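Residue strings, one per chain:
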Amino acid sequence: MIEQAKALLRGAKRPLALAGAGLSAESGIPTFRNSGGLWKEKKAEDLATPDGFRRDPQMVWEWYAHRRDQVRECKPNPGHTALVELERLRPEFWLLTQNVDGLSRTAGATRVLELHGSLWVFKCFTCPYSRQDLQVPTLLNNQCPVCKTGLLRPGVVWFHEPLDPWIVSRSQELVTACDLLLVVGTSAQVYPAAGFVPLAMQAGAKIIEINPEDTPMSKYATLTIRQPVGKALPEMLAGLI
Ligand code: BV8
Ligand code: ZN
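Residues numbered from 1 in each chain as written. Chains lettered and ligands numbered in written order. Predicted model: local features only at pLDDT ≥ 70, side-chain atom pairs only at ≥ 80, totals over all residues. Heavy atoms only, no water.

## Examining the side chain of Glu114
Working step 1: Within the secondary structure, Glu114 sits in strand 3 (residues 112-114).
Working step 2: With relative accessibility at 16%, the residue Glu114 sits in the buried group.
Working step 3: Here Arg105 takes part through its side chain, which lies 3.3 Å from a polar atom of the side chain of Glu114.
Working step 4: Contact partners of Glu114, with chain neighbours within four places excluded, come to Thr97, Gly102, Arg105 and Ile167. (Helix = DSSP H or I, 4+ residues; strand = E, 2+ residues; numbered from the N terminus. Buried < 20%, exposed > 50% of the residue type's maximum accessible area, 1.4 Å probe, protein only. Polar contact = N/O pair within 3.5 Å; in protein donor to acceptor, adjacent residues only side chain to side chain. Contact = heavy atoms within 4.5 Å.)

## A look at the coordination of the zinc ion (ligand 2)
Six octahedral donors around a metal ideally subtend angles of 90 or 180 degrees, whereas four tetrahedral donors ideally subtend 109.5 degrees.
Working step 1: Distances from the zinc ion (ligand 2) to its protein donors, Cys124 (SG), Cys127 (SG), Cys144 (SG) and Cys147 (SG), fall at 2.3 Å.
Working step 2: Every donor counted, the four donor atoms about the zinc ion (ligand 2) form angles of 104 to 116° at the centre, which fits tetrahedral coordination.
Working step 3: Between consecutive donor residues of the zinc ion (ligand 2), the sequence gaps follow C-x2-C-x16-C-x2-C. Taken together, the residues Cys127 in the loop between strand 4 (117-124) and strand 5 (130-132) and Cys147 in the loop between strand 5 and strand 6 (152-156) connect sequence positions 20 residues apart. (Donors = N, O, S within 2.8 Å, 3.2 Å for Na, K, Ca; no water. Tetrahedral: all angles 85-135°; square planar, octahedral: opposite > 155°, others 65-115°.)

## Digging into the nonpolar core
Working step 1: Of all hydrophobic cores here, the largest spans 30 residues; its most connected members are Leu9, Leu182, Ile208, Ile210, Ile225, Leu233 and Met236.
Working step 2: Elements with a minimum of two residues in this core: helix 1 (2-11), strand 1 (15-19), helix 7 (78-89), strand 7 (180-184), strand 8 (206-210), strand 9 (223-225) and helix 11 (229-237).
Working step 3: Ignoring sequence-local partners within four residues, the contact set of Met236 consists of Ile2, Ala5, Lys6, Leu9, Leu182, Ile208, Ile210 and Ile225.
Working step 4: Core analysis: the next-biggest nonpolar cluster, separate from the first, contains 24 residues, Ile167, Leu174, Ala194 and Val197 among them. (Core = buried A, V, L, I, M, F, W, Y, C linked by side-chain atoms within 4.5 Å.)

So, in structure tokens, the structure goes:
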């Protein structure tokens, strides 16, 4: 499988990657839907939705502060660095990540779109104020410094919130232009990101899925590599020029 994947990668001029929580799993960050996943102990609708935040802003803010503390201790893993290497080797390469942990950027990725925002951004619930800040306050200091009325909230995209329209259209452009899509560490259940897989296939791209488990998108894959990404990707890139 790895040899076939290497051949597809060698022949690809416009490779693209779509990543999910599985890319950061080997960095020690829990995924969402595996056993012990983040959504397991908490209910997604209480924590990752605007209503959940309206209901209990302090609890949601603290859950994200807890996740930031977790991520702060974690380092990029060989899967992250392999994707940065691919960006260096292929000028057309982009990474579309659903992850909000920022580890791909820490690993050196520059052509990356954070589809679901970032733990390291916080913004006003009401006005356009938003700020990138590695030291996001732990306790919710309600006051928005600009409109003075809105609540501050994590700069991530919650369920039933639209993704940034520019990011969606830029992603669709990249997905329909790529000739190889690497689907890495995602259970491919969250839309519109999951919809990029059939979209790429319809546009003629080959699909390589790297995930120890089957997903609803496995049926679109030209190749499925049932291995951890931190092991498979470096092997696929070995000797790539
Ligand atoms: C929207 C950010 C519309 C916050 C998250 C069709 C079209 C549009 C929307 C929908 C639609 N159908 C349904 C919807 C609604 C909803 C949705 O998709 N629901 C699903 C559950 C059915 N979508 C939305 O609400 C989106 N909004 O489109 O709004 C709209 C338009 C206009 C006006 C108003 C509204 C917003 C979606 C974004 C939600 N935000 N998170 C935060 O992170 O806290 S989603 C959350 O799930 C994370 O971002 C996460 O990244 C994402 C996806 O999960 P995965 O990354 O895949 O992680 P998971 O644990 O599930 O899987 C890990 C995988 O890794 C597993 O397969 C495992 O086997 C594998 N793995 C483990 N270890 C490894 C590994 N693989 C490789 N190597 C390893 N070592
Ligand atoms: Zn404001």
